[in-house]
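A look at the structure
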Amino acid sequence: MIDRCVVTLAGNRGLMLVGEPGTAKSRLSELFCAAISGNSTHTIQGTAGTTEDQIKYSWNYALLIAECPSPKAFVPSPLYTGLSRGQLVPRCPPEIQDSLVSVLSDKVLMVLELGGDERVLLAQKGFNVIATANIRDHGVNEMSSALKRRFNVETVAPIFNLALERQRVLEQAQALLAESNVPVAIAPDVVELLVSTFHDLRSGQTQEGTVVERPTTVMSTAEAVAVSVSAGFDAYYLGDGTVTSEHVVRNLVGTILKDNLEDAKKLTHYFNVFVKGRAQKHPHWEGYYKARKWLR
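These numbers were taken from a predicted model, which means no experiment stands behind them. (Residues numbered from 1 in each chain as written. Predicted model: local features only at pLDDT ≥ 70, side-chain atom pairs only at ≥ 80, totals over all residues. Heavy atoms only, no water.)

A separate point is the side chain of Ser220. Along the chain, Ser220 falls in the loop between helix H9 (188-203) and helix H10 (221-238). Judged by relative accessible area, which is 5%, Ser220 ranks as buried. If we ignore the near neighbours within four places in the chain, the residues touching Ser220 are Pro21, Gly22, Phe198 and Arg202. (Helix = DSSP H or I, 4+ residues; strand = E, 2+ residues; numbered from the N terminus. Buried < 20%, exposed > 50% of the residue type's maximum accessible area, 1.4 Å probe, protein only. Contact = heavy atoms within 4.5 Å.)

Structure below.
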């Protein structure tokens, strides 16, 4: 997938990274820009309220009134800077719609207010756009077909390898706790309980091969990191500094109860059936099962 992304960025089409929320699409786009262009700061933070002039360019209105349109009053956007320098523009949002069609097709940006050669900006070699979009939140604007045709789409999938996901969650959680000066250590066994729960509920199937009802909320690796960090804060400020499975369950509810109250029932059923079964075979699952009281 990474190889295909690089090939796309070397060509004339933009790259769109799609997938579930929390799959590090934005991080990946910034890494591409840093590695290829040496700069990942030309980022367009887009929302439904983002206007076309914020995407292409804007003006210092005090100078605009005093001097009329001039290079001195001109304020370049990240897209303008990427075009002029031949660099990648990461995280360009789909909400801007067709304002990007001409830029991606002709590799040119017109600044009609300026005169002479300055009103035409031709893209330097190396310019391209990386867009990110999650498949859960579609927003208020549907992307036009004209814009879709100018992107190659790559799907960033969740981490399927349980051991790798457990390692990533543990590393990230410990790093974030250290940044907050919270000197607690999370045992790998505790992280294994959490990641196994996320992995089962996200895939809709337990490690034993039994089908489990999936919640509607996002069960991403990023959410697992957030729960681990919250458990660390809980143990440090409200406990004895040792992170246990009980701290994990206490902070698991806030992740599940976001979109649908029925998700709480699904999580409770998962504990009452599948976690209970594992607790009877594996001692380190027993405390996790007993902490189900916090799910209420």
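So, next bit.
Tracing the backbone through its elements, the reader meets Trp59 in strand E2 (residues 57-59). Separated by 48 residues in the primary sequence, Trp59 and Gly11 place their C-alpha atoms 32 Å from one another. Ignoring anything within four residues of it in the chain, the contact list for Trp59 reads Leu64, Pro69, Ser70, Ala73, Phe74, Val75, Val111, Glu113 and Leu114.

Put simply, helix H8 (residues 162-179) and H9 touch, their axes get as near as 9 Å, and they point 125° apart. By the criterion of interaxial angle, the relationship of H8 to H9 is oblique. By crossing handedness, the relation of H8 to H9 is classed as right-handed. Between H8 and H9, the residues in contact are Leu162, Glu165, Arg166, Val169 and Leu170 and Pro188, Val191, Glu192, Val195, Ser196, His199 and Arg202, respectively. Taken together, the residues of the contact of H8 with H9 break down into six nonpolar, two polar and four charged. (Axes fitted to C-alpha atoms, helices over the stretch in contact; angles between N-to-C directions. Parallel < 35°, antiparallel > 145°, perpendicular 65-115°, else oblique. Left-handed = near helix turned anticlockwise from the far one by under 90°. Nonpolar A, V, L, I, M, F, W, Y, C, P; charged D, E, K, R; others polar.)

Glancing now at the pattern of salt bridges. A complete count under the given rule lists ten salt bridges for this structure. Across the pair Glu67 and Lys72 runs a salt bridge, and its minimum N-O distance is 3.8 Å. The shortest N-O distance in the salt bridge between Asp263 and Lys266 comes to 3.8 Å. Taken together, the positions of Asp263 and Lys266, both in helix H12 (residues 262-279) and three residues apart, correspond to about one turn of that helix. (Salt bridge = Lys/Arg side-chain N within 4 Å of Asp/Glu carboxyl O.)

Attention now goes to the side chain of Arg202. Examined against the element boundaries, Arg202 turns out to sit in helix H9. For Arg202, a relative accessible area of 14% corresponds to the buried category. Of the polar contacts made by the side chain of Arg202, one reaches the backbone oxygen of Ile159; its length is 3.0 Å. At 2.9 Å, the side chain of Arg202 forms a polar contact with the backbone oxygen of Met219. For Arg202, the contacting residues outside a window of four places in its chain are Pro158, Ile159, Glu165, Arg214, Met219, Ser220 and Thr221. (Polar contact = N/O pair within 3.5 Å; in protein donor to acceptor, adjacent residues only side chain to side chain.)

Here we come to the packing of helix H11 (residues 245-256) against H12. It is the contact of H11 with H12, at a shortest axis distance of 10 Å, that shows an interaxial angle of 145°. Pair H11 / H12 crosses with right-handed handedness. Contact residues: Val249, Leu252 and Ile256 in H11; Asp263, Ala264, Leu267 and Phe271 in H12. Along the lines of polarity and charge, the residues of the contact of H11 with H12 split into six nonpolar, no polar and one charged.

Below, the discussion takes up H9. Because an α-helix completes one turn every 3.6 residues, residues spaced three or four positions apart along the sequence face the same direction. Over its 16 residues, H9 runs 22 Å from end to end, which matches the ideal 22 Å to within 8%, given 1.5 Å per residue. Most of H9 sits inside the fold, with twelve of its 16 residues counted as buried. Among all positions of H9, only Val190, Val191, Leu193, Leu194, Val195, Ser196, Thr197, Phe198, His199, Asp200, Leu201 and Arg202 are buried. On its buried face, H9 is in contact with H8, H10, H11, H12 and helix H13 (286-290). Directly beyond the C-terminal end of H9, a positive phi value near 75° is found at Gly204. (Expected span 1.5 Å × (residues − 1).)

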